[in-house]
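# Structural description and commentary
As a plain string of letters, each chain reads:
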Amino acid sequence: MRERQLRARDLLRGDLEGVELEEYVEQSVLTTRLESMQAWARANSIMPLTFGLACCAIEFMSMVTARHDLARFGAEALRASPRQADMLVLSGRLSIKMAPVVRRLYDQMLEPKWVISMGACSSSGGMFANYAVVQGADKMMPIDIHVPGCPPRPEALLHGFNKLQKKIRGNPDLGWRQRYNAIGTEEWARVEPGSPSAEALAAAKRFSELEPYEPGVSSSTAAGEQD
Amino acid sequence: MPDAPGLELIAQEINAAHDGTVIETAHERGTATLIVDSERVLEALRWLRDTPEHEYRFLASVHAADYLPGEPRFGVHYELLNMPRVERVSVKALLADPASPSPATSSASPAGVSGGGSNGVGTLVLPEIDSCVELFPTADYQEREAYDFFGIRFRGHPDLRRILMPEDYVGWPLRRDFPIGGEPVLFTHNEAETPHWYE
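Residues numbered from 1 in each chain as written. Chains lettered and ligands numbered in written order. Predicted model: local features only at pLDDT ≥ 70, side-chain atom pairs only at ≥ 80, totals over all residues. Heavy atoms only, no water.

For the rest of this paragraph, the subject is the environment of A:A54. Residues and elements named next belong to chain A. Counting through the fold element by element, A54 comes out in the loop between α3 (34-43) and α4 (56-64). Judged by relative accessible area, which is 19%, A54 ranks as buried. The spacing of A54 and A99 is 45 residues in sequence and 13 Å in space, taken between C-alpha atoms. Contacts of A54, omitting those with residues within four sequence positions, involve S91, G92 and R93. (Helix = DSSP H or I, 4+ residues; strand = E, 2+ residues; numbered from the N terminus. Buried < 20%, exposed > 50% of the residue type's maximum accessible area, 1.4 Å probe, protein only. Contact = heavy atoms within 4.5 Å.)

Have a look at this one:
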């Protein structure tokens, strides 16, 4: 520590030269792209909206408390206004009467914004397969992360939150089929056990042609660069 | 709760005052029920509320039920309570479905309005009963709820519109023939029935 302080003093005096100067710069300067830097900052300073729909909201609340401590990941400042928030957690069943309200809240949030669908109800309707509940909130708004469970424990929601952070940093988690190179083993794509069908092969081909996601670069501009 | 003879006495007294109001009495499972003519339910309720010695002044609940395939199809239940004696009596009015295809009622309903049968979706011909808001103001919201979920129109209600479902909702969701909603869950065993669902 003392040595580094002396080196810094030497740099300021202009005494460092040659190899020593190179070493000093290498140790103290980090090079990155602005997009990555921005994504890193965004991922670690999320402001969730103070918003709950049903019983999952209890778990969401306890995620903020000291025991689970969402502040470790820089998202402890829950905002009471959608204008100040950039993450919405759909915590609970979404009734068709509530759906326009949620959609308006989402529309009022400023870009960039992310949504976590928490629990079985908001992801698929859950046990409420009836006339009053939206069967999956992704029917009326874009959703980034689905957290399964009924309700998910706060740890599960934290795990989903970490996955969202990875996604914001531009390095999203792959599904297990991608990680284990198991494209084509989907149940719907299997004609008979063990043999990938033509559909499965087509799906694998589509996947291999996907462009890797780049933060800050929309697909339209990426296509423009190719032209 | 009045015992069985007491209930019979109440029924006879109501019929003596308003002939043909009480059709039947039922006394089972700890509930004394007067089954009344749906056109004269207000007379029965007013008598029960105002007659000395009875004075069922508190309306604990108004709710509807759908007895499909029973006939008549709908029931409107009034639960009355005498607070000092803690005695309850229940009044039940049965309503036929005017949109049902049975010949006796279809001749009474306006022709050509009941498009699409009686499945509760888009049915314009609704069963009707008198509103008891003037007797019991608490019935306001409860009758709106019965209207919301069963499509029973309460004549004379000051503000009959949906109370829980969205205002633009179509249909009467707690009717027994209302489609249950939701989506079929896809499992391995039934995915053959929905080919190409992933597209």
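Let us keep going from here.
All names here are of chain B. Applying the stated criterion across every chain yields a total of 17 salt bridges over all chains. The salt bridge involving D130 is made with R155; its shortest N-O contact spans 3.1 Å. Placement of D130 in strand β6 (residues 128-130) and of R155 in strand β7 (residues 153-155) is noted, with a sequence separation of 25 residues between them. According to the relative accessible area criterion, R155 is partly exposed, its value standing at 30%. In this structure, R161 and D159 form a salt bridge, with 3.0 Å as the shortest nitrogen-oxygen distance. A relative accessible area of 30% means that D159 is categorised as partly exposed. (Salt bridge = Lys/Arg side-chain N within 4 Å of Asp/Glu carboxyl O.)

A few words now on the sheet that holds strand β2 (residues 114-118) of chain A. Residue and element names in this part refer to chain A. Spatial ordering of the open sheet is given by β1-β2-β3, a layout of 3 strands whose pairing is parallel. Pairing within the sheet leaves two strands with one partner each, and these edge strands are β1 (87-91) and β3 (145-147). Ignoring which end each strand starts from, the neighbouring axes of this sheet average 20 degrees apart. Relative to β2, β1 runs parallel, the two being bridged by 5 bridges. Its bridge partner being in β2, V89 is matched across the sheet by I116. (Pairing = 2+ DSSP bridges. Axes fitted to C-alpha atoms, helices over the stretch in contact; angles between N-to-C directions.)

All names here are of chain A. Taken together, the side chains of E20, E22, E23 and E26 present a region of like negative charge at the surface. Summarising the element assignment, E26 is placed in helix α2 (residues 18-28). Taking the relative accessible area as the measure of exposure, E26 reaches 65% and is therefore exposed. (Patch = residues over 30% accessible without salt bridge, like charges linked within 9 Å, V, L, I, M, F, W, Y side chains within 5 Å. Areas by Shrake-Rupley, 256 points an atom, 1.4 Å probe, with all protein chains shown as cover. Lys, Arg positive; Asp, Glu negative; His and termini not counted. Charge placed at Lys NZ, Arg CZ, Asp CG, Glu CD.)

Time to look at unusual backbone geometry. Residues and elements named next belong to chain B. Of note, the amide linkage connecting L68 to P69 takes the cis form, showing an omega dihedral of 5 degrees. Tracing the chain through its elements places P69 in the loop between β3 (58-66) and β4 (74-82). Across the junction of E71 and P72, the peptide omega takes the value -5 degrees, indicating a cis bond. Mapped onto the secondary structure, P72 falls in the loop between β3 and β4. One non-glycine residue with positive phi stands out, namely E55, at about 50 degrees. Residue placement: E55 occurs in the loop between α2 (41-50) and β3. According to the relative accessible area criterion, E55 is partly exposed, its value standing at 32%. For V86, which is not a glycine, the phi torsion comes out positive at approximately 50 degrees. Relative to the elements of secondary structure, V86 occurs in the loop between β4 and β5 (87-95).

Residues and elements named next belong to chain A. Interaxial distance between α4 and helix α7 (residues 154-168) falls to 9 Å at its minimum, and their mutual angle equals 75 degrees. In terms of axis orientation, α4 runs roughly perpendicular to α7. Where α4 approaches α7, its residues E59, F60, S62 and M63 are matched on the opposing element by P154, L157 and L158. (Parallel < 35°, antiparallel > 145°, perpendicular 65-115°, else oblique.)

What follows covers the packing of aromatic side chains. A complete count under the given rule lists 4 aromatic pairs over all chains for this structure. An angle of 70 degrees between the planes, with centres 6.5 Å apart, marks the rings of A:Y131 and B:F149 as edge-to-face. Of the two residues, A:Y131 sits in the loop between α6 (119-124) and β3 while B:F149 sits in helix α4 (residues 139-150), which places them in two different chains. Residue classification places A:Y131 among the partly exposed residues on the basis of a relative accessible area of 21%. Seen in terms of ring centroids, A:Y131 and B:F178 are 6.3 Å apart; in terms of plane orientation they differ by 90 degrees. Their pairing is edge-to-face. (Phe/Tyr/Trp six-rings, centres within 6.5 Å; stacked < 30°, edge-to-face > 60°.)

It is worth stressing that arrangement in space is one thing and function is another; only the former is reported here.
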